Amino acid sequence: MPNRWRKAVDQLKLEDTTTDSMDESYYVDGVSAEIAAVPQKTELICTVHIKGHSVDFKVDTGAKCNVISEALFTNIKKKEELSPSNNTNLIAYGGSEIPTAGFVTFTCQSSERVFNVSFYVKFTMCQSMVATHKKNSEEIRICIDPRDLNKALLRPHHPMRTVEVVASQMPNSSIFSVLDAKTSFWQNSLDEKSSMLTTFNSPFGRFRFLRMPFGISTASEVFQRAMEQIFAGYPCAVIVDDLLMGGKDVKEHNENLKKVLDRAQKLNLRLNPLKCKF
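For the protein chain, an unreviewed UniProt entry supplies the name ribonuclease H and the organism Labeo rohita. UniProt's Sequence similarities (unreviewed entry) comment on the protein chain is quoted here verbatim: "Belongs to the beta type-B retroviral polymerase family. HERV class-II K(HML-2) pol subfamily."

Okay, structure coming up:
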């Protein structure tokens, strides 16, 4: 075959050496090469200009819609209003549902190109879950870290009572008993809007409290006011989750205690027998 049709191949040229056998075989045992370090995976960020604001978005090739936070929407909106998204459920990668306030369309600019882009607006309030030991107990209490939520809450400024103030109002009493409300704040139900604001992340998805959680800055005042309202006119004093009864003798003390216990039973108020003192 003519040489012009032959394919060139790499050859290994051997130097002429003196050996006993001209049939000795040669082979390549291995090839070593320096491999450059592969950089760690980084997030892909795209800067988009909306209403004079530069917003950095994380590019997610697996997402089927665009999502912004409620705080960002409030910051950049002018005359735009949210449209309801009642028939749309957003599901996160882990399978948990993302609550939305609605959707909106903004005119966006990126790389000198202008687009009309629709965004779903998710609720900003999503706290972190905190698991703590109860004081003087091995029980675990689930709380949240609502620092952002507490900044937005208006405290009711309800007057809080102390033991000294309560004792001065019961000068003729010589016998006392104390009732303790079990998991006090959890006995206060939340309405739908307030419940959504207590949404928190957990390793198993997103959840929200149906009752008032521990960690809320206004919880003590709210519970104090609620307890005073339901025990108004009864022979007891309220100190947040404690009910203090007294009497000048055993008979009066027992009568007052029975009235308060009957009221608590009627309202289904749970008491902690380990903390009640008689």
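Let us keep going from here.
Undergrad: I'd love a proper account of the overall build of the protein chain, names of residues and values included.
TA: Regarding its fold elements, the protein chain presents 6 helices and 14 strands. In the protein chain, which comprises 278 residues, the share counted as buried stands at 28%. Look at the contacts in the protein chain between residues 6 or more apart in sequence, and 58% of them connect residues 24 or more apart. Per element, the accessible surface of the protein chain, about 20800 Å² overall, is 51% carbon and sulfur.

Undergrad: So what's going on with the sheet that holds strand β2 (residues 53-58)? Residues and values would help.
TA: Within the open sheet, the 5 strands sit side by side as β2-β1-β6-β7-β3. Their pairing is mixed. Bordering the open sheet on either side are β2 and β3 (67-69), each of which pairs with just one other strand. Neighbouring strand axes in the sheet, compared pairwise and without regard to direction, differ in orientation by 50 degrees on average. Bridging between strand β1 (residues 45-50) and strand β6 (residues 100-110) involves 2 bridges; their strand directions are antiparallel. Residue His-49 lies in a different strand from β6, and its bridge partner there is Gln-109.

Undergrad: Summarise helix α6 (residues 250-266); cite the residues concerned and give the values.
TA: The first and last C-alpha atoms of α6 sit 24 Å apart over 17 residues, in line with the 24 Å expected at 1.5 Å per residue. Every buried residue of α6 is accounted for by His-253, Asn-256, Leu-257, Val-260, Arg-263 and Ala-264. The buried residues of α6 all sit within an arc of 125 degrees when viewed along its axis, so they share a single face. Turned more than 90 degrees off the buried face of α6, the exposed positions are Lys-251, Lys-258, Gln-265 and Lys-266. Where α6 is buried, its residues touch β10 (175-180), α5 (219-230) and β14 (242-247). Within two residues after α6, Asn-268 carries a phi angle of roughly 60 degrees, on the positive side.

Undergrad: Mind laying out the sheet that holds β14, listing which residues take part and the relevant values?
TA: If you trace the 3 strands from one edge of the open sheet to the other, you get β10-β14-β13, paired in antiparallel fashion. Two strands bound the open sheet, and with one partner strand each, they are β10 and β13 (237-239). Strand-to-strand twist of the sheet, defined as the mean angle between neighbouring strand axes without regard to direction, takes the value 25 degrees. Two strands pair when backbone bridges link them, and β13 and β14 are joined in this way by 3 bridges, in the antiparallel orientation. In the strand pairing of β14, Val-238 is matched with Leu-243. Contacts from α6 reach β10 and β14 within the one sheet, and its direction differs from that of β14 by about 150 degrees.

Undergrad: Explain the side chain of Ser-195 to me, and be specific about the residues and the numbers.
TA: For Ser-195, the position within the fold is in helix α4 (residues 192-196). There is a polar contact of 2.6 Å between the side chain of Ser-195 and the backbone oxygen of Phe-209. For Ser-195, the residues in contact, after removing those within four places along its chain, are Leu-190, Arg-208, Phe-209 and Leu-210.

Undergrad: Lay out the nonpolar core in plain terms, naming residues and giving numbers.
TA: By size, the foremost hydrophobic cluster in this structure holds 25 residues, and its most contacted members are Phe-231 and Leu-243. Elements with a contribution of two residues or more to this core: β9 (140-144), α5, β14 and α6. In terms of nonpolar packing, the next biggest core, distinct from the first, is built from 13 residues, Ile-50, Phe-57, Val-104 and Phe-106 among them.

Undergrad: Explain the confidence of the model for the protein chain to me, and be specific about the residues and the numbers.
TA: Looking at the protein chain as a whole, its pLDDT mean stands at 80, while 82% of the residues score no less than 70. Looking at the elements of the protein chain, mean pLDDT is at its lowest for strand β8 (residues 127-133), recorded as 71, and at its highest for α6, recorded as 93.

Undergrad: Now, about the packing of aromatic side chains: what can you tell me, with residues and values included?
TA: Scanning the model with the defined rule gives 10 aromatic pairs in all. Each ring, one from Phe-185 and one from Phe-223, has its centre 5.9 Å from the other, and the planes form 65 degrees; the classification is edge-to-face. Note that Phe-185 is positioned in the loop between β10 and α4 and Phe-223 in helix α5, a separation of 38 residues in sequence. Each member of the pair, Phe-185 as well as Phe-223, is classed as buried.

Undergrad: Any details on unusual backbone geometry? Residues and values, ideally.
TA: With glycine set apart, most residues show a phi of negative sign, and most peptide bonds adopt trans. Unlike most non-glycine residues, Glu-112 shows phi in positive territory, near 65 degrees. Relative to the helices and strands, Glu-112 resides in the loop between β6 and β7 (113-122). For Glu-112, a relative accessible area of 76% gives the class exposed.

Cut-offs applied
Residues numbered from 1 in each chain as written. Predicted model: local features only at pLDDT ≥ 70, side-chain atom pairs only at ≥ 80, totals over all residues. Heavy atoms only, no water. UniProt positions renumbered as here; feature names shortened; annotations may be inferred. Helix = DSSP H or I, 4+ residues; strand = E, 2+ residues; numbered from the N terminus. Buried < 20%, exposed > 50% of the residue type's maximum accessible area, 1.4 Å probe, protein only. Contact = heavy atoms within 4.5 Å. Areas by Shrake-Rupley, 256 points an atom, 1.4 Å probe, with all protein chains shown as cover. Pairing = 2+ DSSP bridges. Axes fitted to C-alpha atoms, helices over the stretch in contact; angles between N-to-C directions. Expected span 1.5 Å × (residues − 1). Arc of directions from axis to C-beta. Polar contact = N/O pair within 3.5 Å; in protein donor to acceptor, adjacent residues only side chain to side chain. Core = buried A, V, L, I, M, F, W, Y, C linked by side-chain atoms within 4.5 Å. pLDDT = per-residue confidence, 0-100. Phe/Tyr/Trp six-rings, centres within 6.5 Å; stacked < 30°, edge-to-face > 60°.

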